[in-house]
Amino acid sequence: MSKTLTYAAQNASDTLKPYAIERRAPNADDVQIEILYCGVCHSDLHTARNEWQNTLFPSVPGHEIVGRVSAVGSAVTRFKVGDLAGVGCMVDSCQHCAPCAEGDEQYCENGFTGTYNGPVFGGENTYGGYSERIVVKEAFVLRISHDEGDLAAVAPLLCAGITTYSPLSHWKVGPGKKVGIVGLGGLGHMGVKIAAAMGAHVVLFTTSPNKREDGLRLGAKEVVVSKDPEQMQAHSNSLDFILNTVAAQHDLDPFLNLLKRDGTMTLVGAPEHPHPAPTVFNLIFKRRSLAGSLIGGIRETQEMLDFCATHNLVSDIEMIDIQSINEAYERMLKSDVKYRFVIDMASLKKDAAAA
Ligand code: NAP
Ligand code: ZN
């Protein structure tokens, strides 16, 4: 066991504060990683504040982890001490059901173990990346091939990257396709970059008029302020696919109206309160689909990391110290982040020194 300093929420209304946990010593098939950077996902906030009403406390969020391997178990073959490594949203799954066999561990029929708040079907709580180190089964550890100088900006790929890459790939986004990305936050800005790199004609839908220039810089060909009905009308019945990343409850109908016949809108945003049910006629008259998608499998996460390394894609980040995490959450709620906070985990040493 190793004593490990983290930042944790002790209950839904408290701020995150320093908290010591024990990590297991690496088993034969484990990799121990000293965490260098951890991205801040809106799911961290939903969880720390128990907005999905399933949080186990104390809660140590963080599932966009990059770091350096500091120990490996005797059966580990793909990593050695000193290697860079990444950990995303999952640290285990049953490994024998049909989805696991097909590399879709996120849809494990027996419940995957989340990097934090893990035991969906019982077992001990898991603690995420707002911590000094983590111990993870080798099968759930990702290889990083980006330049070392980009490491902090690579961290958000482990959730924001894969959560957008997986549906864009599943729904065959590419050249000749007109694709909408709704919401320019952590997920949305990766969605714009990845869909553009896949060759699609990308239209960004944002509630924030001041994000227009950024949207174009990130790879969108057009930017639409979704609160303006006239701008929305100009795109009606024209989109092949829409990826909706919005973190709050909203009306889906104005977006469904943008899909052409047989088009699909896939929801990845997971708001605290449900969206109002869409109008059935908006679906049936053009055989449109409304779908959902959850992160991505481990093999696909590696594929995404390699795709991003090849296309020189990383996240646009604002680096923070862990001591600023509560303020960062408040700013995220105001959509005031360009476009992902990443924690420099070296800042935890300040608390270690004070302890
Ligand atoms: P984020 O950085 O906070 O971005 C969300 C964006 O949604 C904002 O930047 C904003 O974009 C837009 N938005 C926020 N409030 C809105 C409102 N009231 N009405 C309309 N638009 C609003 O969050 P994120 O980290 O990208 O996460 C987005 C959502 O995805 C969260 O709910 C998160 O839990 C979920 N998530 C799901 C998965 C999955 O596997 N499905 C994985 C990770 C995260 P504009 O300013 O451009 O409008
Ligand atoms: Zn996430």
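Enquirer: Just checking my understanding: could you explain the packing of aromatic side chains for this structure?
Expert: The geometry of two aromatic rings is summed up by the distance between their centres and the angle between their planes. Under the defined criterion, the tally for this structure stands at 4 aromatic pairs. Ring geometry for tryptophan 171 against phenylalanine 241: centres 5.6 Å apart, planes inclined by 25°, an arrangement best described as stacked. Of this pair, tryptophan 171 sits in the loop between helix H4 (160–170) and strand S9 (178–182) while phenylalanine 241 sits in strand S12 (residues 239–244), and the two are 70 residues apart along the sequence. Classification of tryptophan 171 as partly exposed rests on a relative accessible area of 27%.

Enquirer: Explain the coordination of the zinc ion (ligand 2) to me, please; I cannot follow it from the model alone.
Expert: Geometrically, a metal with four donors at the corners of a regular tetrahedron has ideal angles of 109.5 degrees, and one with six donors at the corners of a regular octahedron has ideal angles of 90 or 180 degrees. On the protein side, the zinc ion (ligand 2) has Cys41 (SG), His63 (NE2) and Cys159 (SG) as donor atoms, found 2.0 to 2.2 Å from it. Since its relative accessible area comes to 4%, cysteine 159 is described here as buried.

Enquirer: Explanation requested: the nonpolar core in the structure shown.
Expert: With 92 residues, the main nonpolar core has Tyr130, Leu168, Ile194, Ile325 and Tyr329 as its most contacted residues. For leucine 168, the contacting residues outside a window of four places in its chain are Val173, Val179, Ile181, Gly191, Ile194, Ala195, Met198, Phe241 and Leu243. In this structure, Val203, Phe205, Leu239 and Leu258 belong to the second largest nonpolar core, which totals 14 residues.

Enquirer: What is the right way to look at the site of ligand 1 in this model?
Expert: Every one of the 29 residues lining ligand 1 counts as a neighbour, but Thr206, Thr207, Ser208, Lys211 and Arg340 are closest to it. Secondary structure elements with two or more residues in the shell around ligand 1: helix H1 (42–48) and helix H5 (186–197). It is H1 that provides the largest number of residues to the shell around ligand 1, a total of 3 residues. Partitioned by chemical class, the residues of the shell around ligand 1 number 13 nonpolar, 14 polar and 2 charged.

Enquirer: What's the story with the pairing of strand S5 (residues 84–87) in this structure? I'm lost.
Expert: Where burial is concerned, the two faces of S5 agree: the one with Leu84 and Gly86 and the one with Ala85 and Val87 are both buried. In terms of strand pairing, strand S4 (residues 65–72) meets S5 through 4 bridges, oriented antiparallel. The residue bridging isoleucine 65 from the neighbouring strand is valine 87, located in S5.

Enquirer: Explain the sheet that holds strand S11 (residues 222–225) to me, please; I cannot follow it from the model alone.
Expert: Sheet strands pair by backbone hydrogen bonding; their relative direction is either parallel or antiparallel. Here 6 strands make up an open sheet; going across it, the order is S11-S10-S9-S12-S13-S14 and the pairing parallel. Here the strands that pair on one side only, and so sit at the sheet edges, are S11 and strand S14 (289–292). Across this sheet, the average inter-strand angle for adjacent strands is 20°, counted without regard to direction. Alignment of strand S10 (residues 201–206) against S11, held across 4 bridges, turns out to be parallel. In the sheet register, threonine 206 faces S11, and the bridge partner there is valine 225. Where H4 meets the sheet, its contacts fall on S9, S12 and strand S13 (259–267), and the angle it forms with S12 comes to roughly 160°.

Quick notes on the rules
Residues numbered from 1 in each chain as written. Chains lettered and ligands numbered in written order. Predicted model: local features only at pLDDT ≥ 70, side-chain atom pairs only at ≥ 80, totals over all residues. Heavy atoms only, no water. Phe/Tyr/Trp six-rings, centres within 6.5 Å; stacked < 30°, edge-to-face > 60°. Helix = DSSP H or I, 4+ residues; strand = E, 2+ residues; numbered from the N terminus. Buried < 20%, exposed > 50% of the residue type's maximum accessible area, 1.4 Å probe, protein only. Donors = N, O, S within 2.8 Å, 3.2 Å for Na, K, Ca; no water. Core = buried A, V, L, I, M, F, W, Y, C linked by side-chain atoms within 4.5 Å. Contact = heavy atoms within 4.5 Å. Near = heavy atom within 4 Å. Nonpolar A, V, L, I, M, F, W, Y, C, P; charged D, E, K, R; others polar. Pairing = 2+ DSSP bridges. Axes fitted to C-alpha atoms, helices over the stretch in contact; angles between N-to-C directions.

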